[in-house]
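In case you want the letters, here they are:
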Amino acid sequence: MSNAPCNVVILGSTGSIGKQALEVADLHPDRFKVVGLAARDEVDELVLQAEKYRPAMVAVGKPDSYQPLKSRLRGDCQVTAGIEGMCQLAGGDDVDTVLVAVSGSIGILPTLAAIRRSRRIALANKETLVAAGDMVMSLAQEHQAPIIPVDSEHSAIFQCLAGEAAHLKNLWLTASGGPFRDFTQQELTGVTVDMALQHPNWKMGPKITVDSATLMNKGLEVIEAHHLFDVPYERIKVVIHKESVIHSMVELVDGAFLGHLGVADMRIPIQYALSYPDRLPSPAAGLDFNQIGAIHFQRPDLQRFPLLGVAYEAGRVGGTLPAVMNAANETAVHKFLAGQIGFLDIARLVEKVLEAHSVVIRPQLDDIFAVDGWARAYCCELAEKGL
Ligand code: MG
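Residues numbered from 1 in each chain as written. Predicted model: local features only at pLDDT ≥ 70, side-chain atom pairs only at ≥ 80, totals over all residues. Heavy atoms only, no water.

Chemist: Describe the coordination of the magnesium ion, naming the residues involved and giving the relevant values.
Modeler: Within the protein, the magnesium ion binds to Asp151 (OD), Glu153 (OE) and Glu221 (OE); these donor distances fall in the range 2.1 to 2.3 Å. Read N to C, the donor residues that coordinate the magnesium ion are spaced as D-x1-E-x67-E. The burial state of Asp151 is the same as that of Glu153; both residues are buried. (Donors = N, O, S within 2.8 Å, 3.2 Å for Na, K, Ca; no water. Buried < 20%, exposed > 50% of the residue type's maximum accessible area, 1.4 Å probe, protein only.)

Put into structure tokens, the structure is as follows:
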């Protein structure tokens, strides 16, 4: 263990994961130095963060926000913009770890930029692996860039698999089931945006909270797990576990199950991805098993929550299909959040876009971005026509 602090870049510093990562950095100033920050267009918050952490570089995703940000940042902090700016930040000199916590497929190129410089990737962005998993994992291997998952389920599996990968039988991803776990099909038709944003266990951003409610989040996690741990889809199981006490499990060939337990506090997996292989103290609460009493398990219902099954299928087919699914879902969720479509329309639209796509089996990055753009446009077109 070296005494020099680890230089960390946070992509998505104004989002839920990014802010909690800054809390982790605050708790261990001797261990982590924030050297770069990036956000989409939250200029006020970026200015406050830059004044506090004094990073060498700040990037803003929306080019329109460059001038407002630049004019308000004092000192010698370099300001960049757009996807190029985020790539410059992620692939910069004097960077040890890049936390990729932006939401959406915008995370792909900066992640690749960091991988090409052999940086450690603390990966909180699902779309990178869902849309471009084969490419990202093989490039990471080529450049020996460690990818440490931040998502609680994958962090759990990563930890349980330490030294046990050769004995693995199945992965078990746990799912809270979201706020509508026990809703009937009829009740699901009346779901509002406010209802979907009330996650029972985890504090997260709006896109992922809606994905938890449709179970698409678990579907994306199944595809991520396939890439991260190189496990075929038939050996990745999902179980609803409403208390979120077990964050996921590995089943070993001798019948042993190893699970990762803890409170539902994202600061734990964020900190672990930054400190790995060390462990540092955390202010997260402990678990009191004497108080928990009971925990429950239940099979996911693919009739009411079809997107989980859709994701398994898209993952099995592979090629460009997961990228299309992800782009259609992202578009549909944003339309739902904007009040333009109903909750059940999300799955309907995603399925229609997938049906219309001709899969490219071994896509290049250009193919992935092309189908991503097509899927978004087609999803909007279908939504506008009310199809
Ligand atoms: Mg998760």
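Chemist: Give a detailed account of the sheet that holds strand β3 (residues 57-60), specifying residues and quantitative values.
Modeler: Judged by pairing direction, the sheet is parallel, and its seven strands sit side by side in the order β4-β3-β2-β1-β5-β6-β7 without closing on themselves. Whereas interior strands pair on both sides, the edge strands pair on one side only; in this sheet they are β4 (78-81) and β7 (147-149). Within the sheet, the average angular offset between the axes of one strand and its neighbour, ignoring direction, is 20°. The pairing of strand β1 (residues 6-11) with strand β2 (residues 32-39) spans six bridges and is parallel. (Pairing = 2+ DSSP bridges. Helix = DSSP H or I, 4+ residues; strand = E, 2+ residues; numbered from the N terminus. Axes fitted to C-alpha atoms, helices over the stretch in contact; angles between N-to-C directions.)

Chemist: With reference to specific residues and values, describe the environment of Phe336.
Modeler: Examined against the element boundaries, Phe336 turns out to sit in helix α15 (residues 321-337). Looking at Phe336, the relative accessible area reads 2%, which means it is buried. Remark: the alpha-carbon pair of Phe336 and Thr192, spanning 144 residues in sequence, is separated by 8.8 Å. Apart from residues no more than four positions distant in its own chain, Phe336 is found in contact with Val191, Thr192, Val193, Ala196, Val210, Ile341, Gly342, Phe343 and Ile346. (Contact = heavy atoms within 4.5 Å.)

Chemist: Talk me through the side chain of Gln159; I want residue IDs and the actual numbers.
Modeler: Note that Gln159 resides in helix α7 (residues 152-160). Apart from residues no more than four positions distant in its own chain, Gln159 is found in contact with His260, Tyr272 and Arg279.

Chemist: Describe helix α11 (residues 216-229), naming the residues involved and giving the relevant values.
Modeler: If you check α11, its first and last C-alpha atoms are 20 Å apart, about what 14 residues at 1.5 Å a residue would give, namely 20 Å. Within two residues after α11, Asp230 carries a phi angle of roughly 55°, on the positive side. (Expected span 1.5 Å × (residues − 1).)

Chemist: Provide a residue-level description of the pairing of strand β6 (residues 120-123), including the pertinent values.
Modeler: Alternating positions in β6 separate into two faces, Arg120 and Ala122 on one and Ile121 and Leu123 on the other, with burial throughout. Inspection of the sheet shows strand β5 (residues 97-100) paired to β6 by four bridges, in the parallel sense. Residue pairing across strands places Leu99 opposite Ala122, the latter belonging to β6. Regarding topology, helix α5 (residues 108-116) serves as the crossover connection from β5 to the parallel β6, and that connection is right-handed. Across three bridges, the pairing between β6 and β7 is parallel. When the bridges of β7 are listed, Ile121 appears paired with Ile147. Considered for its hand, the β-α-β crossover made up of β6, helix α6 (residues 126-142) and β7 is right-handed. (Right-handed = clockwise from strand over helix to strand, strands pointing away.)

Chemist: Tell me about the environment of Ala314, residues and numbers included.
Modeler: For Ala314, the position within the fold is in helix α14 (residues 306-317). The sequence separation of Ala314 and Leu354 amounts to 40 residues, and the corresponding C-alpha distance is 8.5 Å.

Chemist: Quick rundown of the pattern of salt bridges? Include the residues and the values.
Modeler: When the charged atoms of two side chains with opposite charge come close together, those side chains can pair. What the rule picks out here adds up to 25 salt bridges. The partner of Asp93 in a salt bridge is Arg117, with the nearest N and O atoms 3.0 Å apart. Here Arg117 lies in the loop between α5 and β6 and Asp93 lies in the loop between α4 (82-90) and β5, a separation of 24 residues in the sequence. With relative accessibility at 55%, the residue Asp93 sits in the exposed group. Linking Lys207 and Asp211 is a salt bridge whose minimum nitrogen-to-oxygen distance equals 2.5 Å. Of this pair, Lys207 and Asp211 both sit in helix α10 (residues 206-214), separated by four residues, roughly a single helical turn. (Salt bridge = Lys/Arg side-chain N within 4 Å of Asp/Glu carboxyl O.)

Chemist: Hey, could you go over helix α12 (residues 267-275) for me, with residue numbers and the actual values?
Modeler: Of all nine residues in α12, eight are buried; the element is thus mostly enclosed. Taken together, the buried positions of α12 are occupied by Arg267, Pro269, Ile270, Gln271, Tyr272, Ala273, Leu274 and Ser275.

Chemist: If you had to explain the packing of aromatic side chains to someone new, which residues and values would you point to?
Modeler: Tallied over the full model, the rule gives seven aromatic pairs. Between Trp172 and Phe257 the ring centres are 6.5 Å apart and the planes differ by 55°, which places this aromatic pair in the tilted class. On the criterion of sequence distance, the pair formed by Trp172 in strand β8 (residues 168-175) and Phe257 in strand β11 (residues 257-261) is long-range, its members being 85 residues apart. Between Phe180 and Phe343 the ring centres are 5.1 Å apart and the planes differ by 80°, which places this aromatic pair in the edge-to-face class. Here Phe180 is found in the loop between β8 and α8 (185-188), whereas its partner Phe343 is found in helix α16 (residues 343-355), with 163 residues between them in sequence. Residue Phe343 is classed as buried on the basis of its relative accessible area of 5%. Joined through ring pairs, the aromatic side chains of Phe180, Phe183, Phe336 and Phe343 make up one cluster. (Phe/Tyr/Trp six-rings, centres within 6.5 Å; stacked < 30°, edge-to-face > 60°.)

Chemist: Requested: an account of the domain arrangement of the protein chain, with residues and values cited.
Modeler: Per the domain assignment, the segments making up the protein chain are domain 1 (6-150), domain 2 (152-265 + 287-304) and domain 3 (318-387). Distance between the C-alpha centres of domain 1 and domain 2: 26 Å. Contact residues are listed per partner, giving 15 residues for domain 1 and 18 residues for domain 2. Interface area for domain 1 against domain 2, summed over the two sides, is near 1300 Å², with a carbon-plus-sulfur share of 65%. Ranking the residues of domain 1 by area buried against domain 2 places Lys126, Val130 and Pro149 at the top, with a combined share of 43%. Between domain 1 and domain 2 we count two salt bridges in total. (Domains from an automatic or database assignment. Buried area = accessible area lost by both parts, 1.4 Å probe.)

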